[in-house]
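The residues making up each chain are set out below.
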Amino acid sequence: MGNLLKVLTREIENYPHFFLDFENAQPTAGEREVWNQVNSVLQESESILGGLQSYKGAGQEIRDAIQNPSDHSLQEKAWNSVCPLVIKLKRFYSFSLKLEKALQSLLESLTCPPLTPTQHLEREQALAKQFAEILHFTLRFDELKMRNPAIQNDFSYYRRTISRNQINNMNLDIENEVNNEMANRMSLFYAEATPMLKTLSNATTSFVTENKTLPLENTTDCLSTMASVCKVMLETPEYSSRFSSEDTLLFCMRVMVGVIILYDHVHPNGAFNKSSKIDMKGCIKVLKDQPADNVEGLLNALKFTTKHLNDETTPKNIRTMLHHSLQVTEACRLCVHCKKKRSFT
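Notes on the structure follow. (Residues numbered from 1 in each chain as written. Predicted model: local features only at pLDDT ≥ 70, side-chain atom pairs only at ≥ 80, totals over all residues. Heavy atoms only, no water.)

**Points about the overall build of the chain**
Part 1 of the argument: Within the chain one finds 17 helices and zero strands.
Part 2 of the argument: A buried classification covers 50% of the 345 residues belonging to the chain.
Part 3 of the argument: The contacts of the chain with a sequence gap of at least 6 include a subset with a gap of at least 24, amounting to 78%.
Part 4 of the argument: Element-wise, carbon and sulfur atoms account for 49% of the exposed surface of the chain, whose accessible area totals about 17,600 Å². (Helix = DSSP H or I, 4+ residues; strand = E, 2+ residues; numbered from the N terminus. Buried < 20%, exposed > 50% of the residue type's maximum accessible area, 1.4 Å probe, protein only. Contact = heavy atoms within 4.5 Å. Areas by Shrake-Rupley, 256 points an atom, 1.4 Å probe, with all protein chains shown as cover.)

Put into structure tokens, the structure is as follows:
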């Protein structure tokens, strides 16, 4: 009986059950100062996503310039096409730095003693909602960026042109906006497959490193609790039926995947280890139960942007389950015989 109680206690501690109101949470007086700071950053997020979504690139102009190196008019046309795009890319990069600071402010609020992470998330739901909104934005940004090779092509052309002094008397004002130092930092950012997620992972790791008096568990428990709450809300009709919009389900899935990835980067043993406080098997199952088009990118994120998936300590059934999930989404997408949601076990 004693062992049973211990197991049940651990079960409750690791997988908390409460509803996190992602749709309607409003800041209390105690949350207001941090909420206002973070809100000023988040207000720009939709504009950033809109700018990325509409990003078309200067591929044709660049190709024409490269194929006709002695035609000055084509060089100028390519340069004038690339310059405003580089300014736009700088805006995206600068936003990542604002997001980094916002995330660290939220982590500081949601992990500080004497409250436990679960108590913080339950009592400070407006801050938890902002934390979730940052993760939701991050996965949306990175999904769009991965589908747009023009970003790196445009920026590579810009750097090559600057370094070879090929611009002659063309528009030099941009060098004041994006000088060599800034170009180097931006280049490292856009070289990442998932640059925003990398920024948040680094920000979380830095937060842990810089706050030496704060136990690591405060941060990892905050992340694992958020993952567990999202999983429970997704798999429990009593909770998921309280969402007024279907978009909130996808929001919840993105947040769950985002905190798993952060946990995997920050915790020494990662998210897939048997000692992990995240029920990875349950989280993957929740994703598998959703329409394939909604989760293919999220399953790929778990496979390609986590740090510990391929560790020897990762249970084989978790690895197999995740790889199988990716095959299932492809099979579901290609299936032309059945238009209904397919169930796989």
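**A short note on the packing of helix 12 (residues 216-235) against helix 14 (residues 247-266)**
Part 1 of the argument: Helix 14 packs onto helix 12 with a crossing angle of 150 degrees between their chain directions and a minimal axis gap of 9 Å. Comparing the axis directions of helix 12 and helix 14 gives the class roughly antiparallel. When the axes of helix 12 and helix 14 are compared, the crossing they make is left-handed. Residues Leu 216, Thr 220, Leu 223, Ser 224, Met 226, Ala 227, Cys 230, Lys 231, Met 233 and Leu 234 of helix 12 lie in contact with helix 14, whose contacting residues are Leu 249, Cys 252, Met 253, Val 255, Met 256, Val 259, Ile 260, Leu 262, Tyr 263 and Val 266.
Part 2 of the argument: Within the contact of helix 12 with helix 14, the residues separate by chemical class into 17 nonpolar, two polar and one charged. (Axes fitted to C-alpha atoms, helices over the stretch in contact; angles between N-to-C directions. Parallel < 35°, antiparallel > 145°, perpendicular 65-115°, else oblique. Left-handed = near helix turned anticlockwise from the far one by under 90°. Nonpolar A, V, L, I, M, F, W, Y, C, P; charged D, E, K, R; others polar.)

**Here's the deal with the nonpolar core**
Part 1 of the argument: Among the nonpolar cores identified, the biggest contains 101 residues, and Phe 22 and Phe 131 are the most heavily contacted of them.
Part 2 of the argument: The leading source of residues in this core is helix 5 (residues 72-111), at 16 residues.
Part 3 of the argument: For Phe 22, the residues in contact, after removing those within four places along its chain, are Ala 128, Lys 129, Ala 132, Met 226, Cys 230, Met 233, Thr 248, Phe 251, Cys 252 and Val 255. (Core = buried A, V, L, I, M, F, W, Y, C linked by side-chain atoms within 4.5 Å.)

**Side note on helix 14**
Part 1 of the argument: With 20 residues, helix 14 ought to run about 28 Å at 1.5 Å a step, and its terminal C-alpha atoms sit 29 Å apart, in line with that.
Part 2 of the argument: Across the 20 residues of helix 14, 16 count as buried, placing the element largely inside the fold. (Expected span 1.5 Å × (residues − 1).)

**What to know about the packing of helix 14 against helix 15 (residues 280-288)**
Part 1 of the argument: Running from amino to carboxyl end, helix 14 crosses helix 15 at an angle of 150 degrees, the nearest separation of the two axes being 11 Å. The crossing of helix 14 and helix 15 is left-handed. Residues Met 253, Met 256, Val 257 and Ile 260 of helix 14 pack against Met 280, Cys 283, Val 286 and Leu 287 of helix 15.
Part 2 of the argument: Of the residues belonging to the contact of helix 14 with helix 15, the class tally is eight nonpolar, no polar and no charged.

**Regarding the packing of aromatic side chains**
Part 1 of the argument: Here the structure, examined in full by the defined rule, presents nine aromatic pairs.
Part 2 of the argument: Pairing Phe 189 with Tyr 190 gives two aromatic rings, centres 4.9 Å apart and planes at 85 degrees, and the pair type is edge-to-face.
Part 3 of the argument: Among the aromatic residues, those joined into a ring-pair cluster are Trp 79, Tyr 93, Phe 155, Tyr 158, Phe 189 and Tyr 190.
Part 4 of the argument: Over the ring of Trp 35 we find Arg 32, and its NZ or CZ is 5.5 Å from the ring centre. (Phe/Tyr/Trp six-rings, centres within 6.5 Å; stacked < 30°, edge-to-face > 60°. Lys NZ or Arg CZ within 6 Å of the ring centre and 35° of its normal.)

**Re the pattern of salt bridges**
Part 1 of the argument: All told, the structure shown has 11 salt bridges when counted by the stated rule.
Part 2 of the argument: Across the pair Lys 285 and Asp 289 runs a salt bridge whose closest N-O atoms are separated by 3.1 Å.
Part 3 of the argument: The exposure class assigned to Lys 285 is partly exposed, which follows from its relative accessible area of 47%.
Part 4 of the argument: Looking at Asp 289, the relative accessible area reads 32%, which means it is partly exposed.
Part 5 of the argument: If you follow the salt bridges from partner to partner, you end up with Glu 44, Arg 91 and Lys 98 in one network. (Salt bridge = Lys/Arg side-chain N within 4 Å of Asp/Glu carboxyl O.)

**Some details on the side chain of His 267**
Part 1 of the argument: Considering the arrangement of structural elements, one finds His 267 in the loop between helix 14 and helix 15.
Part 2 of the argument: For His 267, a relative accessible area of 17% translates into the label buried.
Part 3 of the argument: Ignoring sequence-local partners within four residues, the contact set of His 267 consists of Thr 220 and His 308.

**Section: the side chain of Asn 273**
Part 1 of the argument: On the secondary structure map, Asn 273 appears in the loop between helix 14 and helix 15.
Part 2 of the argument: Overall, the relative accessible area of 16% leaves Asn 273 in the buried class.
Part 3 of the argument: Within polar-contact distance, the side chain of Asn 273 engages the side chain of Ser 275 at 2.9 Å.
Part 4 of the argument: Within the structure, the side chain of Asn 273 is placed 3.4 Å from the side chain of Thr 313, a separation counted as a polar contact. (Polar contact = N/O pair within 3.5 Å; in protein donor to acceptor, adjacent residues only side chain to side chain.)

**Focus on the environment of Phe 131**
Part 1 of the argument: Mapping Phe 131 onto the fold places it in helix 7 (residues 125-146).
Part 2 of the argument: Residue classification places Phe 131 among the buried positions, given a relative accessible area of 1%.
Part 3 of the argument: When sequence neighbours within four positions are dropped, the list of residues in contact with Phe 131 reads Leu 103, Leu 106, Leu 107, Leu 110, Leu 223, Met 226, Val 259 and Leu 262.

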